[in-house]
Amino acid sequence: DVRGIASSPNNSAQVDRFQGDLPAALGKMQEALLLRESIKDTWGVAGSHVNLAAVQAGLCHLAEAEEHLRKAVAGFRTVNDTKLGFCESLEAGADLAMAQGRHAQAVELLASAQLRRDEVGSPRSPLLARTVDEHLQTLRGVLGETAFEAALSRATTGDAALARVGVAVLGDRDAVRH
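What comes next is a walk through the structure. Numbers given to residues run from 1 along each chain, matching the order in which its sequence is written. With pLDDT at 70 or above as the cut-off, local features in this predicted model cover only qualifying residues; side-chain atom pairs require 80 or more to be listed or tallied, and sums for whole chains, interfaces and linings still use all residues. The basis for every side-chain value is the complete set of non-hydrogen atoms in the structure, without hydrogens or water.

1. Observations concerning unusual backbone geometry
Rules: Going along the chain from the N terminus, every DSSP run of H or I of four or more residues is numbered as a helix, and every run of E of two or more is numbered as a strand.
Positive phi, close to 65 degrees, is recorded for Cys60, a residue that is not glycine. With a phi angle near 55 degrees, Asn80 is a residue other than glycine that sits in the positive phi range. Inspection of the secondary structure puts Asn80 in the loop between helix H4 (62-78) and helix H5 (84-99).

Shown next, in the form of structure tokens:
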């Protein structure tokens, strides 16, 4: 099927991403985005943008990561995805926050994503779970135990969590409005 064909480079890119080959992941994700745009797959386009946001953040291409994250949030809102797309937006927001040096916000976003995943029954893939665990371990070391626990306690779900992507990371309240 056409959506499956468009998803193939994205899936291959995710393997590259989690193996640490971000330049290879970037090229394949850009290809997936073009394919998904060509078939007018709104959810897939939003998914491509959220994946590109995470990879661009990992490459420290912050302006590009911010733009992809804005497009991802808007796309997931367009299709009313309050489950997986919502969680992935929070996680990509955490990647961006880490790259920006906003460590407490990264913890809040990752913890908020986990709360939402628990609510909707959408566990992380094993590769993403490993990456998130590594991020949290790094963030605990950077922040120290007290600040890390305080950031965890600020986790929330719903629009309040997604608003943190727009306000804390993107610095833009309009990025999360309907």
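Next comes the rest of the write-up.
2. Brief notes about the pattern of salt bridges
The condition that has to hold: Just to be clear on terms, a salt bridge is a Lys or Arg side-chain nitrogen sitting within 4 Å of an Asp or Glu carboxyl oxygen.
Tallying each qualifying case throughout the model produces 11 salt bridges. Residue Arg116 is joined to Glu119 by a salt bridge in which the shortest nitrogen-to-oxygen separation is 2.8 Å. With a gap of 3 residues between them, Arg116 and Glu119 both fall in helix H6 (residues 103-120), about one helical turn apart. Each of Glu91, Arg117 and Arg124 takes part in one network of salt bridges that share partners.

3. Focus: the packing of aromatic side chains
We count it as follows: Note on aromatic pairs: the rings of Phe, Tyr and Trp (six-membered ring only in Trp) are paired at centre separations within 6.5 Å, and the planes decide the class, stacked below 30 degrees, edge-to-face beyond 60, tilted for the rest. Should the NZ of a Lys or the CZ of an Arg lie within 6 Å of a ring centre and within 35 degrees of the ring normal, that charge is described as sitting over the ring.
Evaluation of the coordinates by the stated rule reveals 1 aromatic pair. Positioned above the aromatic ring of Phe86, the side-chain terminus of Arg116 is 5.5 Å from the ring centre.

4. A few points about the side chain of Glu108
Note the cut-off: Here a polar contact is taken to be a pair of N or O atoms separated by no more than 3.5 Å, where protein atoms must pair a possible hydrogen donor with a possible acceptor and residues adjacent in sequence count only if both atoms sit in side chains.
Its place among the elements puts Glu108 in helix H6. A polar contact of 2.8 Å, which involves the side chain of Glu108, links it to the side chain of Arg154.

5. Here we look at the packing of helix H1 (residues 2-18) against helix H2 (residues 22-38)
Where we set the bar: Axes here refer to lines fitted to C-alpha atoms; in helices the fit is confined to the stretch in contact. Angles between the N-to-C directions go from 0 to 180 degrees. An angle counts as roughly parallel when it lies under 35 degrees, as roughly antiparallel when it exceeds 145, as roughly perpendicular when it falls between 65 and 115, and as oblique in every other case. Handedness of a crossing is defined here by the sense of rotation of the near helix relative to the far one, left-handed for an anticlockwise turn of less than a right angle and right-handed for a clockwise turn. What makes two residues a contact is simply this: any of their non-hydrogen atoms within 4.5 Å. Gly falls in the polar group here, along with every residue not listed as nonpolar (Ala, Val, Leu, Ile, Met, Phe, Trp, Tyr, Cys, Pro) or charged (Asp, Glu, Lys, Arg).
Between H1 and H2, the shortest axis-to-axis distance is 8 Å and the interhelical angle comes to 165 degrees. Taken together, H1 and H2 sit at an angle that is classed as roughly antiparallel. When you trace H1 past H2, the crossing you get is left-handed. The segment H1 lies against H2, with Ile5, Ala6, Ser7, Pro9, Asn10, Ser12, Ala13, Gln14, Asp16 and Arg17 engaging Leu22, Ala24, Ala25, Lys28, Met29, Glu31, Ala32, Leu35 and Arg36. Of the residues contributing to the contact of H1 with H2, the split by class is 10 nonpolar, 4 polar and 5 charged.

6. So, the nonpolar core
Note the threshold: For our purposes a nonpolar core is just a set of buried Ala, Val, Leu, Ile, Met, Phe, Trp, Tyr and Cys residues, chained together by side-chain atoms within 4.5 Å. Summary of the burial criterion: residues with accessible area below 20% of their type's maximum are buried, those above 50% are exposed, and those between are partly exposed, where the area comes from a 1.4 Å probe applied to protein chains only.
Core analysis: the biggest nonpolar cluster contains 30 residues, and Leu69, Leu90, Ala92, Ala106 and Leu139 have the highest contact counts within it. Among the elements of the structure, helix H3 (42-58), H4, H5, H6, helix H7 (126-143), helix H8 (145-153) and helix H9 (158-169) are those that each provide at least two residues to this core. Here this core gets 7 residues from one element, more than from any other, and that element is H5. Counting 9 residues, the second largest nonpolar core, distinct from the first, contains Leu22, Leu33, Val45 and Val55.

7. Things to note about the side chain of Arg17
Position of Arg17 among the secondary structure elements: in helix H1. On the basis of relative accessibility, which here comes to 15%, the residue Arg17 falls in the buried class. Looking at Arg17, its side chain comes within polar contact range of the side chain of Asp95, at 3.5 Å. Sequence-distant contacts of Arg17, that is, excluding residues within four places in its chain, are made with Leu22, Ala25, Met29, Asn51, Ala54, Val55, Asp95 and Leu128.

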